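# Working through the structure, step by step
What follows is each chain in one-letter form.
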Amino acid sequence: MRAIVIDDERLARKELITLLKQLETVEIVGEAVNADDAQEKIKELKPDVIFLDIQMPEKTGFELLEELDSVPHVIFTTAYDEYALKAFQVNALDYLLKPIEPKRLEEAITKLNKKIEAAKKDEVQKDETPQKKLTLDDQVFVKDGDRCWFVKLADVRLFESDGNYIKVYFDNVKPMIHKSLNALDERLDEKSFFRASRKHIINLGWVEGIEPWFNGGLVVTLKGGDRIEVSRRQAARFKEMMSL
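The following refers to the structure shown. Just so you know, these numbers come straight off a predicted model, no measurement behind them.

Right, let's get into the pattern of salt bridges. One side chain can pair with another of opposite charge once the charged atoms of both are near each other. This structure, assessed with the given rule, holds 14 salt bridges. Residue K98 is joined to D53 by a salt bridge in which the shortest nitrogen-to-oxygen separation is 3.6 Å. Placement of the pair is K98 in the loop between β5 (94-97) and α5 (102-128) and D53 in strand β3 (residues 49-53), with a sequence separation of 45 residues. The salt bridge involving D94 is made with K111; its shortest N-O contact spans 3.4 Å. Of the two residues, D94 sits in strand β5 while K111 sits in helix α5, which places them 17 residues apart along the sequence. For D94, a relative accessible area of 4% translates into the label buried. Given a relative accessible area of 37%, K111 falls into the partly exposed group. Look at the salt bridges and you will find they share partners, linking D94, R104, E107 and K111 into a network.

Here the focus is the nonpolar core. Membership of the largest hydrophobic core comes to 20 residues, with the highest contact counts inside it found for L20, F51, L105 and I109. When contributions to this core are tallied by element, the ones reaching two or more residues are β1 (2-6), α1 (10-20), β3 and α5. If sequence neighbours within four positions are ignored, L105 has contacts with L16, L19, L20, L23, F51, L96 and I100. Ranked by size, the runner-up nonpolar core spans 19 residues in total, among them I6, M56, L64 and V74.

Thresholds applied
Residues numbered from 1 in each chain as written. Predicted model: local features only at pLDDT ≥ 70, side-chain atom pairs only at ≥ 80, totals over all residues. Heavy atoms only, no water. Salt bridge = Lys/Arg side-chain N within 4 Å of Asp/Glu carboxyl O. Helix = DSSP H or I, 4+ residues; strand = E, 2+ residues; numbered from the N terminus. Buried < 20%, exposed > 50% of the residue type's maximum accessible area, 1.4 Å probe, protein only. Core = buried A, V, L, I, M, F, W, Y, C linked by side-chain atoms within 4.5 Å. Contact = heavy atoms within 4.5 Å.

Below you can see the structure in the form of structure tokens.
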């Protein structure tokens, strides 16, 4: 794991770096002498963990954490034990008192390894868990400017791509949402919604009529009068879905 040591005392930094270099799982990617120096290096080097002194000139370790946009794992290193409670209130992983004992440092690194591995497993499980498909019974929130709707998908007859937006056709309105048609297509139940072309997804429950079109394509008429061209590539699949 990538680590940065932050301490205003040079000897304290060197001592900790020496101990960390004895551990195979840690790579020291940088060191910082104060909070401002640390902020720049954290932003640039993106460490997995920082070993952070609390009492430093100008800004404390706690003040540094408040200024960070993205906070890595934190192990505090300090000569004072009165900050321990506050350290864990800001979700520090561990709190090491100086002079740092090698055994306590190993315990902190073991704890960190377990936390990182658990986080990786959670990410893998999220990636492997299929996202629930949206069916006709589901309701979705649609916002366009200052107007909002909570609409049942059974009432949406058509989705139409328009640049980086999608027009959502229901009732007598066509609000636009910032989303790609490909991303939406992956969320919709294919038994109820059909990708007619590069620009359109239709609600099969709204299909009223079908006509042959040029080059083997089709034109689908929806209830209400919308006419959507089905590309030649999709026409065969559409006929198969809509046939007995």
